[in-house]
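Residues per chain are reported as follows:
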Amino acid sequence: MYQYDNYDQAMVDARVAEFRDQVARRLEGKLTEEQFRPLRLMNGLYLQLHAYMLRVAVPYGTLSGKQMRMLGHIARKYDRGYGHFTTRQNIQYNWIKLSDAPDILADLASVEMHAIQTSGNCIRNISSDQYAGVAADEVADPRPWAELLRQWSSFHPEFSYLPRKFKIAVIASAQDRAAMRLHDIGLELVKKDGVIGARVFVGGGMGRTPIVAPEINAFITEDEIISYVEACLRVYNRYGRRDNKYKARIKILVHELGVEEYRRQVAEEFAHMKALGLNPPREELARIAAHFATPAYESGLSDDLDRSDPDFALWVDRNVTAHKQPGYAIANISLKPIGGIPGDASADQIELMADLAERYSLDELRVTHAQNIVLPYVKKADLYALWKELEANGLGEPNLDLVTDIIACPGLDYCSLANARSIPVAQKIASRFASNGRDAEIGELKLKISGCINACGHHHAGHIGILGVDRKGTENYQLLLGGSGAEDCSLGTITGPGFDENGIVDAVEKATDLYLRERTEGERFLDTYRRLGMAPFKEAIYG
Amino acid sequence: MADFITLRSDEATQEPVVTLESFAGQSNATAVRIEPGEDARLLLGQLDRISLVEVNFPAYTDGRGYSAAQILRESGYTGELRAVGDVLIDQLAYMRRCGFDSFKPNAPLDDADVEAAFARYPDVYQKTIDGRTPIWAKRHEDA
Ligand code: SF4
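Quantities reported herein were computed from a predicted structural model and do not represent experimental measurements. The numbering scheme is per chain: residues are counted from 1 as the chain's sequence reads. Labels are handed out in written order, letters beginning with A for the chains and numbers beginning with 1 for the ligands. Residues qualify for local features only when their pLDDT is at least 70, as the model is predicted, and side-chain atom pairs are given and counted only at 80 or more; totals for whole chains, interfaces and linings, by contrast, use all residues. Only heavy atoms go into the side-chain values, all of them from the structure, while hydrogens and water stay out.

Observations concerning the overall build of chain B
Runs of E in the DSSP output that reach at least two residues are strands. Runs of H or I that reach at least four are helices, and both are numbered from the N terminus. A tally of helices and strands in chain B yields five helices and six strands. Along the chain direction, N to C, the helices and strands of chain B fall in the order β-β-α-β-β-α-β-α-β-α-α. Taken over the C-alpha trace, chain B has a radius of gyration of 16 Å; the compact-globule value for 143 residues is 15 Å, and the two agree within 12%. Along the first, second and third principal axes, the C-alpha atoms of chain B reach 50 × 35 × 30 Å. Here chain B, with 143 residues, has 53% of them falling under the buried criterion. When checking whether two residues touch, look at their non-hydrogen atoms; a contact exists if any pair is within 4.5 Å. If you take every contact in chain B between residues at least 6 apart in sequence, the share linking residues at least 24 apart comes to 52%. Put simply, chain B shows about 6,300 Å² of open surface, and 48% of that area lies on carbon and sulfur atoms. With C-alpha atoms as the basis for the radius of gyration, the globule rule is written as 2.2 Å multiplied by the number of residues raised to the power 0.38. Working definition: with a 1.4 Å probe on protein chains only, accessible area under 20% of the residue-type maximum means buried, over 50% means exposed, and in between means partly exposed. Here, Shrake-Rupley sampling with a 1.4 Å probe gives the accessible areas, and only protein chains in the shown set may cover a residue.

With respect to the overall build of chain A
A count of helices and strands for chain A gives 17 helices and 20 strands. Compactness check: chain A gives a C-alpha radius of gyration of 23 Å against a globular reference of 24 Å for 543 residues, within 12% of the reference. Seen through its C-alpha atoms, chain A measures out along the principal axes to roughly 60 × 60 × 55 Å. Within chain A, buried positions represent 62% of all 543 residues.

A few points about the UniProt feature "domain: Nitrite/sulphite reductase 4Fe-4S" (unreviewed entry) in chain A
UniProt positions are given in the numbering used here, feature names are shortened, and annotations may be inferred rather than shown by experiment. UniProt feature "domain: Nitrite/sulphite reductase 4Fe-4S" (unreviewed entry): in the numbering of this structure it lies at residues 119–272 and 404–541 of chain A. Its end C-alpha atoms 20 Å apart, residues 404–541 of chain A is made of 38% helix and 17% strand.

Some remarks on the pairing of strand β7 (residues 168–171) of chain A
All names here are of chain A. Neither face of β7 is left uncovered, since the one carrying Ile168 and Val170 and the one carrying Ala169 and Ile171 both have all their residues buried. You can see the chain leave strand β6 (residues 127–128), run along helix α5 (residues 143–153) and come back into β7, and the turn it takes is left-handed. Two strands form a pair only when DSSP identifies at least two bridges running between them. Of the pairings in the sheet, the one linking β7 to strand β8 (residues 185–192) comprises four bridges and is parallel in character. From the neighbouring strand, isoleucine 168 faces β8, where its bridge partner is isoleucine 185. When the strands point away from the viewer and the path from the first strand over the helix to the second turns clockwise, the crossover is right-handed.

With respect to the sheet that holds strand β16 (residues 407–408) of chain A
All names here are of chain A. What the five strands build is an open sheet, ordered β16-β17-β18-β19-β20; its pairing is mixed. If you trace the sheet from one side to the other, it starts and ends with β16 and β20 (493–494), each paired once. When strand β19 (residues 474–481) meets β20, the two strands line up antiparallel, connected through two bridges. Bridge pairing links leucine 480 to isoleucine 494 in β20. Angular values range over 0 to 180 degrees, each being the angle between N-to-C directions of two axes fitted as lines to C-alpha atoms, with helices fitted over their stretch in contact. Across the sheet, helix α13 (residues 423–435) lies against β16, β17 (447–450), β18 (464–471) and β19, angled at about 155 degrees from β17, the strand it touches most.

Some details on the nonpolar core
The nonpolar side chains of a soluble globular protein tend to be buried, and buried together. By size, the foremost hydrophobic cluster in this structure holds 151 residues, and its most contacted members are Met68, Leu71, Tyr262, Trp315 and Leu386 of chain A together with Leu43 and Val53 of chain B. The biggest single contributor to this core is helix α6 (residues 225–239) of chain A, with nine residues. Not counting residues within four places of it along the chain, the set of residues in contact with valine 53 of chain B comprises Val32, Ile34, Leu43, Leu72, Tyr77, Glu80, Leu81 and Arg82 of chain B. Definition used in this section: a nonpolar core is a set of buried Ala, Val, Leu, Ile, Met, Phe, Trp, Tyr and Cys residues joined via side-chain atoms within 4.5 Å. Counting 32 residues, the second largest nonpolar core, distinct from the first, contains Ala507, Tyr529, Met534 and Phe537 of chain A.

Remarks on the sheet that holds strand β5 (residues 91–96) of chain A
Where strands meet in a sheet, backbone hydrogen bonds hold them as pairs that are either parallel or antiparallel. Residue and element names in this part refer to chain A. Spatially, five strands are ordered β1-β2-β5-β4-β13 in an open sheet, and the strand pairing comes out antiparallel. The open sheet has two edge strands with one neighbour each: β1 (45–47) and β13 (344–346). Geometrically, the sheet is characterised by an average inter-axis angle of 30 degrees between neighbouring strands, direction not taken into account. Two elements, strand β2 (residues 52–56) and β5, share four bridges in a ladder whose sense is antiparallel. Within β5, the residue paired with leucine 54 across the bridge is tyrosine 93. Packing against the sheet, helix α2 (residues 33–41) makes contact with β1 and β2, and its axis sits at approximately 135 degrees to β1.

Following this line, the structure appears as structure tokens:
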């Protein structure tokens, strides 16, 4: 994985010093909260309901064991012993003191990490495929491009005060594991006539006005990606509305200008930018790519597994994914124990995962947008020993992609913007479906919960989505069906009137009962919904 | 405390500043002010008669002026480019990178803070019109 050189380290160290200075000026009263706000936000520090929340960037979701151990250390020393992995492949801490924040950033910098641009109206952490480098279907490892974009977007002078936050995803497979088309810019690396380039999608997003990003360019060569993205952003920054924050995202601009007109303006800007030499040279991409070189796999390893322990066999079937290298496997660690808080891990668990990565996964982990952790390089022969340790520490839940593998935002338990709680709903649904064994019977079902319209829990993209709303001062939940953040990207449709907390659990069960009755061989919930349409589901839920 | 900061060696322009709208009609005007919603490109044909462009930042959160500055500099404008309005310490370095070379903040800035802000980052990751060599180029300079 990528390692900082002196330049990178100096930039991050300078940021720590700058933020230390800003916090000091705030504490001395030289900065008002209003002036301080955007500065702390550029460093991932939010003021939440009960305390400050710090969001730490995990660039494209890739971590070393040492970095993961530091995340555990921060949870223990500065938080109440927990970290929360997010849908942006980051980690956040909910109980941070402002005066500690500079020290935390310094600790992070000591392991080549930071919280730069994890919030605020700037280019956020670049997201990517959690199976990058080990997926059999990729045209290239997307992470070198993601790292190139990380560096380009860090402290970008022109694009640090954008109309709104700006999210970029890079993938390199036809299968989309990163919800690429629900980003402000989605790049899909493709090969044309043996040359690598990117399909460019602009103007996707969730929130109040969810939109699946349209394709703006079918192929931009790998040497021009930076200047093309720069052109996309300049058109946005020049126009982007500041008067209404709900209309300030690029998706609204693309929609209002029309795809054709936006594309034309980007092309014009791009023609101008081409002459400016904004793209790093090939050697720079090659330098970065060398950090992501294929590891020294052992050859001649067996693909056999001893499946005599049925619990282990179940975990393998559910949580282990095929690896491109014979003898190896991709192990998914579910952070969705039944009744737990989706995406949460204790300091002990985080440190254990760091150890396991060092021992079993070539010192590497990934964070997924579904709020789970991946060990990408596990020898099949080690899977049983790995599972034993996960199992013994509350990390062995065999539920990847099941209805209990719920994405949920922090909701009203933590978030100052929330209308309703997300976590208790997730816990109730998981408990209901696990206790009657329906989770296994149903198979793949992506359920996603947001505590308000901002959609941090990706409810629009859930096969089943749940949105917390405020109805006359009480928490109410709307149900959506038919969304997907994958390559068959679609947005869910609201079923009808909302429900209270118990009602929404019942409604989800009614929808899945109908699915179990109606499904044909091999159909997932989403497929059955798409075949039958909303009407029978409405009937089952409200009838 | 400083209420005007310049990085230029020449005298600050004292000409009266006119709006972008009236600029085209006033052939003797040499100083113009751009508001956030206005298109800096409208000036591109007239750059050689301009000695000062003021770009207004009514609120520091409105970053349209950064693109306006870049566009003017990329098109060859060499006169004074002044950021006015809600200009705070923490935006100065980014503004300079986009081509601003003078600053007229609403609230005076502490000289030491200004100096520290300009000196903070040892290097830059992007190529802009400020001519600084980006990190990606330095990395391959010796090679
Ligand atoms: S979706 Fe709403 S409630 Fe949930 S984390 Fe985002 S802003 Fe907060």
